[in-house]
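# Commentary on secondary and tertiary structure
Listed here are the chains, written in short residue letters.
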Amino acid sequence: RIIFSASVQDLPENVGFPRSYLSELYSVPAEGGRIKQILTTPAEDAQFSKDKSKIIYHDCKGPENYWRKHHTSSITRDIRIYDLNTKTHKKLTGFEGEDRSPVFAPGEKEIFFLSEQFGNNFNVCKLNLDSPNDIKQVTNFKTHPVRFLSVANDGTLCFGYDGEIWIKKGESEPEKIQLSIYADVKENPVEYMTKNSGARELDVSPDGNEVVFILRGNVFVTS
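Let me sum up the structure you'll find in this document. (Residues numbered from 1 in each chain as written. Predicted model: local features only at pLDDT ≥ 70, side-chain atom pairs only at ≥ 80, totals over all residues. Heavy atoms only, no water.)

### Some points on the overall build of the protein
Cut-off, in case you're wondering: Where helices and strands are cited, they refer to DSSP runs of H or I of at least four residues and of E of at least two residues respectively, numbered from the N terminus. In this scheme, a residue with accessible area under 20% of its type's maximum is buried, one over 50% is exposed, and one in between is partly exposed, where area comes from a 1.4 Å probe on protein chains only. Only heavy atoms enter the contact rule, under which two residues are in contact if any of them lie within 4.5 Å. Here Asp and Glu are counted as negative and Lys and Arg as positive; His is not counted, and neither are the chain ends. Just so you know, the charge point we use is NZ for Lys, CZ for Arg, CG for Asp and CD for Glu.
Regarding its fold elements, the protein presents zero helices and 18 strands. Once the C-alpha set of the protein is aligned to its principal axes, its extents read approximately 80 × 50 × 40 Å. Within the protein, the proportion of its 223 residues that are buried is 36%. Considering only contacts in the protein between residues 6 or more positions apart, those separated by 24 or more positions represent 30%. Side chains of the protein carry 28 positive and 32 negative charges; the gap between the two charge centres is 4 Å.

### Re the sheet that holds strand β4 (residues 44–48)
The condition that has to hold: Any two strands are treated as partners once DSSP identifies two or more bridges connecting them. To define axes, lines are fitted to C-alpha atoms, for helices over the stretch in contact only, and angles between the resulting N-to-C directions are given on a 0 to 180 degree scale.
The strand order β4-β5-β6-β7 describes an open sheet built from four strands, whose pairing is antiparallel. Either end of the sheet is taken by a strand with one partner, and the two such strands are β4 and β7 (88–91). Going from strand to strand, the sheet's axes swing by 20 degrees on average, the running direction of each strand aside. Where strand β5 (residues 54–58) and strand β6 (residues 79–83) come together, five bridges link them in antiparallel fashion. Within β6, the residue paired with I56 across the bridge is I81.

### What about the packing of aromatic side chains?
Here is the rule: Between 30 and 60 degrees the pair is tilted, below 30 it is stacked and above 60 it is edge-to-face, where a pair is any two Phe, Tyr or Trp rings, Trp via its six-membered ring, whose centres lie within 6.5 Å. In our convention, an over-ring charge means Lys NZ or Arg CZ found within 6 Å of a ring centre and within 35 degrees of that ring's normal.
For the coordinates displayed, the defined rule picks out eight aromatic pairs. Centre to centre, the rings of F213 and F220 are 5.8 Å apart; their planes meet at 20 degrees, and the pair counts as stacked. Taking the relative accessible area as the measure of exposure, F213 reaches 16% and is therefore buried. Overall, F220 belongs to the partly exposed group, its relative accessible area being 37%. One cation-aromatic arrangement involves R100 over Y66; the distance from NZ or CZ to the ring centre is 4.5 Å.

### Quick look at unusual backbone geometry
Phi angles above zero are rare outside glycine, and K52 is one such case at about 65 degrees. When you line up the elements, K52 lands in the loop between β4 and β5. Taking relative accessible area as the criterion, K52 reaches 47% and is therefore assigned partly exposed. For E201, which is not glycine, the phi dihedral falls at a positive 55 degrees.

Spelled out as structure tokens, the structure:
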């Protein structure tokens, strides 16, 4: 099944007034089919454990720009874990700023996530699920925030930093992936054309100063 967030149907018992940014959590079969509601409270960047018994996510308490930096308030995001068997939530982080985007480490005894708690920028941090206060900084970028965290089965971290894609393997230093992106540039130069026929659907403006017409599939206005 694939899990996703959407604003479809809130519970009447929820104390929060229904808003589009206060989404619910749903799942849908990977081959398609009827959706199933998992949670009626927001659970963003959610991820199943391998045995499907738990979900880690960061919460959403109110409207706040996702890209804002150095934010401290009562609605900053925290990392939580939800037990599908006991139907209980557990708060894992208590930093007054932002904690986001949790992913399970291999073995699922630890999680990686993004946080500003070790300085003024989002960096990758690691948390032990058995002792959530045991948090360690994994990356140490100074200038820009780390975004878009994911992890491979072998524990290799992948994330975005300063518009580039980076990976980090084990205790080694992060390294930037070298990518060559080729633009869709036409080999032929721009062709300038002068047309004195072929215009259609001509119309004159009310003041008589401009005309609008169709030429070669495009709309033109001229004096």
